[in-house]
Amino acid sequence: MIGLISATAAGAAARDRLAAAWPGRTRVYEGPVGRSVEVAFAECDQLVCFLATGAVVRLIAPLLAGKSADPGVVCVDEGQRYAVSLLGGHGGGANELAAQVADVLGCAPVVTTATDAADVPGLDTLGWPVEGAVASVTRAVLDGEPVALRADAVWPLPPLPGHVGGDGEVVLRVTDRVVEPGSREAVLRPPSLVVGVGASKDAPLDEVLGLVEETLRDAGLSARSVAALTTVDAKAQEPGIVGAAEHLGVPLVTYAPEKLASIAVPNPSGAPLAAVGTPSVAEAAALAEGGELLVAKRKSSPAGRAAMATCAVVRRAPRGRLAVVGLGPGARDLLTPRATQELRRASVLVGLDQYVDQIRDLLRPGTRIVESGLGAEEERARTAVAEARAGHAVALIGSGDAGVYAMASPALAEASGDIDVVGVPGVTAALAAAAILGAPLGHDHVSISLSDLHTPWEVIERRVRAAAQADIVVTFYNPRSRGRDWQLPKALSILSEHRDPGTPTGVVRNASRPDESSRVTTLAGLDPATVDMMTVVTVGNTATREVAGRMVTPRGYRWQS
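Residues numbered from 1 in each chain as written. Predicted model: local features only at pLDDT ≥ 70, side-chain atom pairs only at ≥ 80, totals over all residues. Heavy atoms only, no water.

Trainee: In this structure, what is going on with the overall build of the protein chain? I would like to understand it.
Mentor: Within the protein chain, the secondary structure is distributed over 18 helices and 28 strands. Here the C-alpha coordinates of the protein chain stretch approximately 95 × 65 × 55 Å along the principal axes. In the protein chain, which comprises 561 residues, the proportion classed as buried is 47%. A sequence separation of at least 24 residues applies to 65% of the contacts in the protein chain between residues at least 6 apart. (Helix = DSSP H or I, 4+ residues; strand = E, 2+ residues; numbered from the N terminus. Buried < 20%, exposed > 50% of the residue type's maximum accessible area, 1.4 Å probe, protein only. Contact = heavy atoms within 4.5 Å.)

Trainee: Looking at this model, I keep getting lost on the packing of aromatic side chains. Mind explaining?
Mentor: Geometrically, a pair of aromatic rings is defined through the distance of the ring centres and the angle of the planes. Scanning the entire structure with this criterion turns up three aromatic pairs. Ring geometry for Trp 457 versus Trp 486: centroids 5.0 Å apart, planes at 70°, classification edge-to-face. In this pair, Trp 457 is assigned in helix 17 (residues 457-469) and Trp 486 in the loop between strand 23 (473-477) and helix 18 (487-496), connecting sequence segments 29 residues apart. By relative accessible area, Trp 457 is classed as buried at 11%. Here the guanidinium or amino end of Arg 25 rests over the ring plane of Trp 22, the centre of that ring lying 4.3 Å away. (Phe/Tyr/Trp six-rings, centres within 6.5 Å; stacked < 30°, edge-to-face > 60°. Lys NZ or Arg CZ within 6 Å of the ring centre and 35° of its normal.)

Trainee: I keep staring at the packing of helix 1 (residues 9-21) against helix 4 (residues 94-105) and nothing clicks. Help me out?
Mentor: Contact geometry of helix 1 with helix 4 gives a least axis separation of 10 Å together with a crossing angle of 100°. Classed by the angle they form, the pair helix 1 and helix 4 counts as roughly perpendicular. Facing helix 1, whose interface residues are Ala 14, Arg 17, Leu 18 and Ala 21, helix 4 presents Val 101, Val 104 and Leu 105. (Axes fitted to C-alpha atoms, helices over the stretch in contact; angles between N-to-C directions. Parallel < 35°, antiparallel > 145°, perpendicular 65-115°, else oblique.)

Trainee: Please explain the pattern of salt bridges as it appears in this structure.
Mentor: Side chains that differ in sign of charge can pair as their charged atoms come close. Inspection of every chain in the model, using the stated rule, returns 24 salt bridges. The partner of Arg 173 in a salt bridge is Glu 185, and the shortest N-O contact between them spans 2.5 Å. Taken together, the residues Arg 173 in strand 9 (residues 170-174) and Glu 185 in strand 10 (residues 185-188) connect sequence positions 12 residues apart. By relative accessible area, which is 9% here, Glu 185 ends up buried. Salt bridges linked by common partners bring Arg 15, Asp 16 and Glu 30 together as one network. (Salt bridge = Lys/Arg side-chain N within 4 Å of Asp/Glu carboxyl O.)

Trainee: Please clarify how the sheet that holds strand 14 (residues 292-299) should be interpreted in this entry.
Mentor: Hydrogen bonds between backbone atoms are what pair the strands of a sheet, whose relative direction is either parallel or antiparallel. Spatial strand order, 13-12-11-15-14: five strands in an open sheet with mixed pairing. The open sheet is flanked by strand 13 (252-255) and strand 14, the only strands paired with a single partner. Between one strand axis and the next, the sheet turns through 25° on average, direction left out of account. Running at roughly 40° to strand 15 (residues 309-315), helix 7 (residues 205-218) makes contact with strand 11 (193-199), strand 12 (226-232), strand 14 and strand 15 of the sheet. In this fold helix 8 (residues 239-248) packs onto strand 11, strand 12 and strand 13, with an angle of close to 175° to the strand it touches most, strand 12. (Pairing = 2+ DSSP bridges.)

Trainee: Any chance you could explain helix 2 (residues 33-43) here in plain terms?
Mentor: For an α-helix the count is 3.6 residues per turn, leaving residues at separations of three or four pointing the same way. Listed as buried for helix 2 are Val 33, Ser 36, Val 37, Ala 40 and Phe 41. Buried residues in helix 2, looked at end-on, bunch into an arc of 130°, giving them a common side. Relative to its buried face, helix 2 has exposed residues pointing more than 90 degrees away, namely Arg 35 and Ala 42. Tucked into the core, helix 2 has its buried residues touching strand 1 (2-6), strand 2 (26-29), strand 3 (46-50), helix 3 (53-60), strand 4 (72-76) and strand 5 (82-87). (Arc of directions from axis to C-beta.)

Trainee: When you look at the environment of Val 404 in this model, what are you seeing that I'm missing?
Mentor: Relative to the assigned elements, Val 404 resides in the loop between strand 19 (393-398) and helix 15 (408-414). We classify Val 404 as partly exposed; its relative accessible area is 30%. Spatially, the C-alpha atom of Val 404 lies 9.6 Å from that of Pro 425, the residues being 21 residues apart in sequence. Other than its neighbours up to four places away in sequence, Val 404 contacts Thr 428 and Tyr 477.

Spatial relationships are all this shows, so hold off on functional conclusions.
Here is the structure:
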């Protein structure tokens, strides 16, 4: 919850704008400002104070408990010029909150965190536990000092500057093993461990949790790298297991006994088979999604009675991450915030050279770029998947929406279930052109590529005829090139068999780019020689009209006179 506090009428007006923009996310605190800040500081995850920064500093100073406990605090000045991240920039999310507040109120976000200023990901922003000399290592990264990166495996980390990864006295270690960090060493704990747990009915929390912690400790493994506790479905509500997961701060994942029974384990037993339908709970549940069994089934050892808990530990291999990102039609303001986030998260970027040039300035230092020219789509897809399989965080870019005549389909055809895949939608050329033309896509519509490089012309022609007969608005991609100059006239002639020569037809070239051009003509009046590969052609249906120079297709036929 985000607490909102103001002291003046102007502040209250801005406060109410924020509350209206974020229904359910905010809570307004009325009354004396000092008391409001005190209560909100205790009750909320974040605060937005419409007060001077000096006033807020004085009010929150007595309330500060520590970096990991304090909420994020953002200040907005009386004139609504700035949203200042004051406290908890990373841990409290104040840096991100300042940007969000700025978007709503139209002011400038102010972030002074050193890593953000240098465009370097902070070690405490990666979502993993970090320990050791975090400040010292971060300072070395910022100062350009050589930092050794020692990782047990390749993980999909964000890009790190070039001076991170060689030799150096300063060390950034990525491991799930218990290590004693040196005076200039920070340790990142990857989510690599899965602990399978079995328990008798009403097994005490202390026994279950104690067994898990003791097993990890004896194996030299860090509890902070545990990604999940796993067990059989029948134990999903077992208090000792549920409590252990809550104490460790990890999810409890359960599996059907049939699935667990199908997993080969070194220590099957008749007891769990009779009780819950599988010869193994702890080992099988830990191995359910694959991995290396580090610790075989181990029983608790309470004094004076039989064991009521078992556990086993598995290390899962890192999963690389492939984000397939649509860049939109070309204008920077049509690049979505989510796409920008993924571009900045990726340590490897794969794309067509001209698309890379569009967004090169958005990439973080240390991003490795793999670019190639036209006609290498399959090679780029294979490269992106291979980099993800190697454990990296990869962004594969395409124009418009990457799933529309672009890179998503060859990449996903190449990818298997061994990597994580994220799709980031983009504004397509058809949508960008439609917005320029008016509202030509107000009813059913179809996009057809006239390029026969990958699709036989017979198939393309069949689809054009079907759209013509069905009276569907058609947007043509790849309409005409120097080597393919007859396909567009042929497609237009097919449509002419079913539509009036005066059917509105829109032509948009380089939609959203500086040299954008557009015109509305007719089906009979379109000169194919004026069209090239940078052009999108949209042909209306029998209901489409030209209104004040714009193409309009009614939403429903009942609207027609």
